[in-house]
Every structure is written in structure tokens, then in C-alpha cells.
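Secondary and tertiary structure notes
Residues per chain are reported as follows:
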Amino acid sequence: MEVFVQQLINGVTLGSIYGLIAIGYTMVYGIIGMINFAHGDVFMVSAFIALIAFLTLVALGITAVPLALFLVVLIAMALTSLYGWAVERVAYRPLRRSFRLAPLISAIGMSIVLQNFVQIAQGARVKPLPPLIGGGYTLIESDTFVVRLSNVQILVVVTTIALMALFSWVIARTRLGRDMRACEQDLKMASLIGIDVDRTISLTFVIGAALAAVAGIMNLLYYGVIDFYIGFVAGVKAFTAAVLGGIGSLPGAMLGGLLIGLIETFWSAYFSIEYKDVAAFSILVIVLIFLPTGILGRPEIEKV
Amino acid sequence: MATAPDTRTASAPARAPLLSVRGVKTYYGNIVALRGVDLDVHEGEIVTLIGANGAGKSTLMMTIFGDPRAREGTVLFEGRDITRMPTNEIAKLHIAQAPEGRRIFGRMTVLENLQLGASIADPAFFAADLERVLTLFPRLKERLHQRGGTLSGGEQQMLAIGRALLARPRLLLLDEPSLGLAPLLVRQIFAAIRELNEREKLTVFLVEQNAFHALKLAHRGYVMVNGEITLSGSSRELLNRPEVRAAYLEGGRH
Ligand SMILES: Nc1ncnc2c1ncn2[C@@H]1O[C@H](COP(=O)(O)OP(=O)(O)OP(=O)(O)O)[C@@H](O)[C@H]1O
Ligand SMILES: [Mg+2]
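Cut-offs and rules
- Residues numbered from 1 in each chain as written.
- Chains lettered and ligands numbered in written order.
- Predicted model: local features only at pLDDT ≥ 70, side-chain atom pairs only at ≥ 80, totals over all residues.
- Heavy atoms only, no water.
- Donors = N, O, S within 2.8 Å, 3.2 Å for Na, K, Ca; no water.
- Helix = DSSP H or I, 4+ residues; strand = E, 2+ residues; numbered from the N terminus.
- Buried < 20%, exposed > 50% of the residue type's maximum accessible area, 1.4 Å probe, protein only.
- Contact = heavy atoms within 4.5 Å.
- Buried area = accessible area lost by both parts, 1.4 Å probe.
- Salt bridge = Lys/Arg side-chain N within 4 Å of Asp/Glu carboxyl O.
- Polar contact = N/O pair within 3.5 Å; in protein donor to acceptor, adjacent residues only side chain to side chain.
- Pairing = 2+ DSSP bridges.
- Axes fitted to C-alpha atoms, helices over the stretch in contact; angles between N-to-C directions.
- 1 Å grid on protein atoms, 1.4 Å probe; cavity = no way out; pocket = protein on both sides within 12 Å on 5 of 7 lines; lining within 4 Å.
- Points joined across faces, edges and corners; volume = space filled by probe spheres on them.
- Nonpolar A, V, L, I, M, F, W, Y, C, P; charged D, E, K, R; others polar.
- Phe/Tyr/Trp six-rings, centres within 6.5 Å; stacked < 30°, edge-to-face > 60°.
- Lys NZ or Arg CZ within 6 Å of the ring centre and 35° of its normal.

Here the focus is the coordination of the magnesium ion (ligand 2). Residues and elements named next belong to chain B. Of the protein atoms, only S58 (OG) and E100 (OE) coordinate the magnesium ion (ligand 2), at distances of 1.9 to 2.3 Å. Of this pair, S58 sits in helix 1 (residues 57-64) while E100 sits in the loop between strand 6 (95-98) and helix 3 (110-117); the two residues are 42 residues apart in sequence, bridging distant segments of the chain. Classification of S58 by relative accessible area gives buried; the value is 17%.

The figure often quoted for interface size is the accessible area lost as the parts come together. Opposite the 22 residues of chain B that make contact, chain A presents 21 residues. Summing the contributions of chain B and of chain A, the shared interface buries around 2,100 Å²; its carbon and sulfur component is 56%. It is R103(B), F105(B) and R107(B) in chain B that bury the most area against chain A; as a group they hold 33% of the surface buried on that side. Where E184(A) meets R107(B), a salt bridge forms, and the shortest distance between an N and an O atom there is 2.7 Å. Between the two partners, chain B and chain A, sit seven residue pairs in polar contact (both at pLDDT 80 or more). When residues of the side of chain B that touches chain A are traced back to their parent elements, those giving at least two are helix 2 (87-91) and helix 3 of chain B.

On to the sheet that holds strand 2 (residues 31-41) of chain B. Residues and elements named next belong to chain B. Strand order in the open sheet made by the four strands is 2-1-4-5, with antiparallel pairing throughout. This sheet does not close on itself; its edge strands, each paired only once, are strand 2 and strand 5 (80-81). With eight bridges joining them, strand 1 (residues 19-28) and strand 2 adopt antiparallel strand pairing. Among the inter-strand pairings, Y28 is bridged to a residue of strand 2, identified as I31.

Before going further, it helps to spend a moment on the sheet that holds strand 10 (residues 228-234) of chain B. Sheets are built from strands paired through backbone hydrogen bonds, the pairs being either parallel or antiparallel. All names here are of chain B. Sheet architecture is open: six strands sit in the order 6-7-8-3-9-10, paired in mixed fashion. Every other strand in the sheet has two partners, leaving strand 6 and strand 10 as the edge strands with one partner each. Averaged over all pairs of adjacent strands, the angle between strand axes in this sheet comes to 15°, irrespective of strand direction. Of the pairings in the sheet, the one linking strand 7 (residues 171-175) to strand 8 (residues 203-208) comprises five bridges and is parallel in character. Paired with L171 across the two strands is T203, which belongs to strand 8.

Here the structure, examined in full by the defined rule, presents three cavities of 30 Å³ or more. Forming the walls of the largest cavity are 14 residues, and the residues nearest its centre are L192(A), I193(A), A96(B), Q97(B) and A167(B). Listed by contribution, the elements that provide at least two residues to the lining of the largest cavity are helix 7 (187-192) of chain A together with strand 6 and helix 6 (153-165) of chain B. Of the residues contributing to the lining of the largest cavity, the split by class is 10 nonpolar, three polar and one charged. Taken as a whole, the second largest cavity encloses approximately 60 Å³ of empty space.

Moving on, we come to the environment of Q97(B). As for its position among the elements, Q97(B) is in strand 6. Since its relative accessible area comes to 4%, Q97(B) is described here as buried. Taking the C-alpha atoms as reference points, Q97(B) and L206(B), separated by 109 residues in sequence, lie 9.9 Å from one another. In this view, Q97(B) contacts M189(A), L192(A), M61(B), M62(B), F65(B), A164(B), L173(B) and D175(B); residues no more than four positions away in its chain are not counted.

Evaluation of the coordinates by the stated rule reveals nine aromatic pairs over all chains. Centroid distance W267(A) to F271(A): 5.2 Å. Interplanar angle 50°. Geometry classified as tilted. By way of ring pairs, the aromatic residues F4(A), F266(A) and Y270(A) are connected into one cluster. The ring of Y27(B) has R71(B) lying over it, and the distance from NZ or CZ to the ring centre is 4.0 Å. The ring of F125(B) is capped by R168(B), whose NZ or CZ atom sits 3.6 Å from the centre of that ring.

Now the structure itself:
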């Protein structure tokens, strides 16, 4: 029982991070119908930006954790958004009228570029960040097991819920959100009514990258170590989450992220920690075979 | 091009045309779709373009919006060259289109579709414009919060026209508004177009296969065959031309 509760807490935390990344995959797929394979690496870049920002702030003498964290979030979101924007501008937009696989190949290329760039610039070794946010609560204490809810976990889950609420509101209620949904449904018609499609697509990448940036910071705070390869692993899992939830669906990405986080932690706890990454891949394969539209996805609507 | 008096009131307009298409050639890859089209639409007119399937009518409507772009020739709006302008910038000139296939945003509500139609319009007019469109098409009023994709074909056509009207168009392009509709609905929609033209001086460029109805409604018409304009003139002239009667009226649907 205690193990179960602890894994539930860990799984929800992990699922929050996956969910935030998954939104970026699903939004881009929704609007231009491609899988942005570089998205996981944008997440990785954000974790490095956050680490460098933290260390810089400490060197500058800004050590108050709330202030430092606030500044890091601002810096990482801004710079990561720039990466997201640049990836689209450089690698995808020129290929938009090309054959369907071209942007996908370009995306794989961008993924490799970002990984190698960080590997060369930052080295291949694991980078640690000293724990900034300590403490937490002991929820259950028995002779054999202690269930802990750490402050970092609270921060991760609360931030994720707040961001997802804000983001859902933007999509459902604002002019930008309406334009994005219009582009997602019919790019040609969207431009016929005067929507700047290029700008809307750019903003989609920017928003996706900004959410991935928050996920990158949380990943850094939660695990305390990062390397240039975390983007690939987290990217595959978040992508799986998006497919599981139904690619193109925003609630689906959030739900899928949560489920993948839970499955992974329970798998590690009850089966084998070595094979935890296999769990995500297996789910991806199973979902693609038996539930290709995902849990909340819709069957492809025929275009007129 | 001078226009002879027709059954309706319009006389030959002396001013420069609102829309002027000159020598436009459009290709899909290497396949030619428009082979040098010349055509004018004057302010306050209803002009129709008729022609058989695959003649290039929809291609011309979309070429006016730069998608696909004319490879040769020019498109002028109020004397201004818009041939190379981005599609969304052309829309901002208050040219609106209810395109072929209606292209309703199916997963958005009727209201959202109409709001999107007003994207380029001054928001100050929205409430009043919405009211007018809903008066014109009362069926939309009852369905404001229904998803566009769940509307019937006729209702979708009304929504497509309503969405275009909310852009406060100076020029309204309608691509086969009668397609797939019951005769009563066709008459309603055509009556609505006539009313907008007479009361608000709305300029309309109408593509139709339903040549009889279209020529009854329009002041002038053009006939397109295989990417070229083969005939033009006042609606009455065209209605009486034996070629038009043979090809588009007799035995054809109307
Ligand atoms: N996207 C496209 N790619 C290639 N060829 C196209 C494309 N769209 C249209 N065509 C071709 O261009 C020609 C003109 O098509 P268009 O749709 O303009 O005809 P239309 O007059 O509107 O016909 P209809 O009355 O059936 O709507 C046709 O031969 C058509 O096959
Ligand atoms: Mg057509």
C-alpha cells in the first residue's frame, strides 16, 4: 500500500513533465501534420539553458531561491521559445510545400544537430545541479516504508496544472487560440479569411517550446542531473503520450502524459527498473496497432 | 469592355473596374488550368462565370486570392496589383470568398465560424453585422452554438456565405453556392444575394453551373471553356445566345 501511494505520487510528477512536452508534439501535428522529432531536444536544450542560468545567477550573487527560480523560468522560456521558433523557420517552413516526408527527415536532422551541438558545447558527461528546493512532507510512516511528498513534486504538479489551465483557456477563448484552431482545421480557408498562417504556425512552435522549457526546468530540479541525451528519451515518451491520448488532441496529450508517467513508475516499482524505457516503446507499438486514434483522438475526418 | 443594357437596371459603368483580371495564366505543376483570362467586375455589379466541370472556374476564384498564384498576367483590385500579394493580405483588402466545398470549420461552432469570418473587419461592427447575417439566414440563429460540421449542406452554405459577409466585403466571391441544394434553398440564397446587391450595393462575382439561375440573377456573365473565356456579355445576351442555350441551358439542369 505504501509503495503504491509513493509510486502514485512519483508517477503523477513524471506524468506532468511528459504531459507538458506532449502538448508540443500534439499541437504541431494538429496544425501542420508533422511529427516534430526535434521537440524532445528543444526540451533538453531548455534544461541546459536553465542549468547555465542558475549557475550564472549564483555566480552573480543571486541566491534567493524564489527570485533565482523566477528569473530562470523567464530566461529559459524566452531562449527556448527562440529555439522552437528557429527550428520551424530554418528546417520546416522552407519544406512546407515539399513532399510529405521532407519535413520529417528535416526534423530528425534538427534533432541530431541539437544533440550534437549541446554535446560539443557542454560535453557528454552528466551535469549536476545541487538541490535547490529541499524539504517535503511525510505522508505515511510505517515500520518498513515512508511515503514522502517532496516540495519539488508539489511545485511540479501545481505548475503543470496551472500552465495547462492557462493554455487551455488561451486555446478555447482567445483570438489567438481561435486562429490556431482554424489553421489546424483548414490552412487554406484560414488564409482566405485573412489569418496569417505563417505567423500562427510560428506561434504554435513558440508556445510548444515555452511549455517544454518549463518541463526542462522541472526535470532539472526533480532529477538534479541532465545530459545531452535526455531529450531523446523524454521525447519518445512524450510522443508516446501524445499518441496514446490521441495525436492532435490537447486533453489527450495531458491525459497521455499522466498515463505514461504512471505506467513507467509502476513498471519500475513492480517489474524491473532496467526495462522502464521498454515499457514506453511497447505501449507505443500496442497503441499504434490497436488504438491508432488514441484515447481522446478522433478518426481522421474526410477533407472536402 | 462595354456592357449592353440588360434585363436588370445596370448600365455600362464608366469607372475603372473594382476587379480586373488581365491575361492570367495559372498552372498546376505543368498542367495549364487558365490560359490567359481577361475579366472585369465593376463596383455594384453581379457578374457570373459559367462553364462546365473542370473549365477552371474555381481555379480563377482561387487565383484572385493568389493560391495558386498566376504564373503570367495580373490581377488588379481597385487598380492595385495584387497578383503577388500573400493570400491573407488579399483578404485584408475586404475581398471575401465562400469557396468551393464550403470549407466550414467543422469542429467549431457556428458563432466561432462567423467570428473567424470577421477576422479582418473592425470589431466595432461585429454585433450589428452578426445581427444582419442572422436576419438574412434565420436558421443559423437557432444553431449558433452547434458545431459547424453538424449542419446540413444548405445550412453550411448559408454559414459559408454568412462568414464571408462578416468580413464586410467590397467584393464577394461565391463559388457554386447552389451546389447540392434543394431548389427552394437555391432561390432563397439567390434572393439573399440580390437583396444584398440592391440594398447595400455589394459587388458579387458568382461562379455557377446553374447557368439559368445565375444569368437571371447577374447583370453580366462570362462563359469559360477549358481555361479560356469564350463568350461574355449582358445576362440577357448570353441567355439568348444559341451556344449558351445548347451547352448550358437546354437539357442542362436548372
Ligand atoms: N490542385 C489541383 N492539382 C492539379 N490539378 C487541378 C487542381 N485543381 C484543379 N485542377 C485541374 O484544373 C482544372 C480546372 O479545375 P477547376 O476546379 O478550376 O474547375 P471548375 O471549373 O471549378 O470545375 P467544377 O465546375 O467541377 O467545380 C481541372 O482540369 C482540374 O482537374
Ligand atoms: Mg469548381
